[in-house]
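The primary structure of each chain is shown beneath.
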Amino acid sequence: MLNIVLFGPPGAGKGTQSQKLIDKYNLIHLSTGDLLRSEIAAGTALGLEAKKLMDNGLLVPDEVVIGMIENKVKEHRQAPGFIFDGFPRTVPQAQGLDKLLQDNGTEISCMIALRVDDEELTTRLLLRGKTSGRPDDQNEELIRKRVQEYNTKTAPVADYYAGQGKYFAVDGIGDIEDIFKALCQHIDALKEKQEEK
Ligand code: AMP
């Protein structure tokens, strides 16, 4: 299986690039942000609890997101692979994901990070907020809070995968197609190695 963690701060372009990668490699897209927004739209108890945290730019508890991912991985056992987008966001989530995949006879192939600086992120998210309808994209203070949560809790997840020799990074600023090509280069090299085994 090809299991990719697409990593980067809010506004780095993970959603855009995930969509292109899914089309090219036929993978299942698992975005915890999208799953949580569906729960909110459906008015579930989980959604109501999550909304309070999301509206304040804070992370939802690890066990909640791990549980959602577990259900989805089990639903798609026959898939050629997954793109994890916006997950894992803490080291315990990464450990939970490793365990979950191991129990299902597979593992993370690589993490690829999109590198974008904080100022560019704020500009992009405020712009996205004009059309996305996402309340957490419309307030500069909230955006800074999300970026701060990323820097303190999520950035260490990169070291976790680097420790396993699975971390790559590409420049996330520039032409969408160029960034996509850079991602594909890493993935194709990885697939070749997998096929040699
Ligand atoms: P996103 O769409 O990935 O930007 O996520 C939107 C919001 O959902 C985040 O600001 C968090 O409040 C919450 N969220 C999404 N994914 C996770 C996760 N893996 N762990 C904790 N909270 C998450």
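These lines cover the structure that appears in this document, whether it is placed above or below. (Residues numbered from 1 in each chain as written. Predicted model: local features only at pLDDT ≥ 70, side-chain atom pairs only at ≥ 80, totals over all residues. Heavy atoms only, no water.)

Moving on, we come to the environment of A42. Take A42: it is sitting in helix α2 (residues 32-42). The spacing of A42 and E149 is 107 residues in sequence and 26 Å in space, taken between C-alpha atoms. (Helix = DSSP H or I, 4+ residues; strand = E, 2+ residues; numbered from the N terminus.)

Neighbouring residues of the ligand: 16 residues in total, closest T32, R37, L58, R89 and Q93. One of the side-chain nitrogen or oxygen atoms of T32 is found 2.8 Å away from a nitrogen atom of the ligand. R134 has a polar side-chain atom sitting 3.2 Å from an oxygen atom of the ligand. Burial of the ligand by the protein chains amounts to 96% of its free accessible area of 480 Å². The greatest single-element share of the shell around the ligand, amounting to four residues, is contributed by α2. (Near = heavy atom within 4 Å. Polar contact = N/O pair within 3.5 Å; in protein donor to acceptor, adjacent residues only side chain to side chain. Areas by Shrake-Rupley, 256 points an atom, 1.4 Å probe, with all protein chains shown as cover.)

Following the criterion strictly, the structure yields four aromatic pairs and no others. Each ring, one from F82 and one from F84, has its centre 5.8 Å from the other, and the planes form 35 degrees; the classification is tilted. With relative accessibility at 1%, the residue F82 sits in the buried group. Arranged with centres 5.2 Å apart and planes meeting at 85 degrees, the rings of Y160 and Y161 form a pair that is edge-to-face. Using a relative accessible area of 0% as the deciding quantity, one classes Y161 as buried. Connected via pairs of aromatic rings, a cluster forms that spans F82, F84 and F87. (Phe/Tyr/Trp six-rings, centres within 6.5 Å; stacked < 30°, edge-to-face > 60°. Buried < 20%, exposed > 50% of the residue type's maximum accessible area, 1.4 Å probe, protein only.)

This brings us to the sheet that holds strand β3 (residues 81-85). The sheet built from five strands is open, its strands ordered β2-β3-β1-β4-β5 with parallel pairing. Each edge of the open sheet is held by one strand with a lone partner, namely β2 (28-31) and β5 (167-171). Pairwise comparison of adjacent strand axes, ignoring direction, gives a mean angle of 20 degrees for this sheet. Sheet topology places strand β1 (residues 2-7) next to strand β4 (residues 110-115); four bridges connect them, and they run parallel. (Pairing = 2+ DSSP bridges. Axes fitted to C-alpha atoms, helices over the stretch in contact; angles between N-to-C directions.)

Here we take up the environment of A155. Within the secondary structure, A155 sits in the loop between α7 (140-154) and α8 (156-162). Measuring from C-alpha to C-alpha, the distance between A155 and G8 comes to 8.2 Å, with 147 residues separating the pair along the chain. For A155, the contacting residues outside a window of four places in its chain are F7 and Y150. (Contact = heavy atoms within 4.5 Å.)

In terms of burial, β4 is a largely internal element, five of the six residues being buried. Across five bridges, the pairing between β4 and β5 is parallel. Following the sheet pairing, I112 is matched in β5 by F168.

Turning next to the pattern of salt bridges. Throughout the structure, instances matching the rule amount to 17 salt bridges. Residue E107 is joined to K166 by a salt bridge in which the shortest nitrogen-to-oxygen separation is 3.5 Å. Of this pair, E107 sits in the loop between α5 (91-103) and β4 while K166 sits in the loop between α8 and β5, and the two are 59 residues apart along the sequence. Given a relative accessible area of 13%, K166 falls into the buried group. Here D136 ties to R134 by a salt bridge, and the two come within 3.0 Å at their closest N and O atoms. The residues D136 and R134 share a single accessibility class, namely buried. By sharing partners, the salt bridges in this structure join R128, R134, D136, D137 and R146 into a single network. (Salt bridge = Lys/Arg side-chain N within 4 Å of Asp/Glu carboxyl O.)

None of the figures reported here should be taken as evidence of function without further support.
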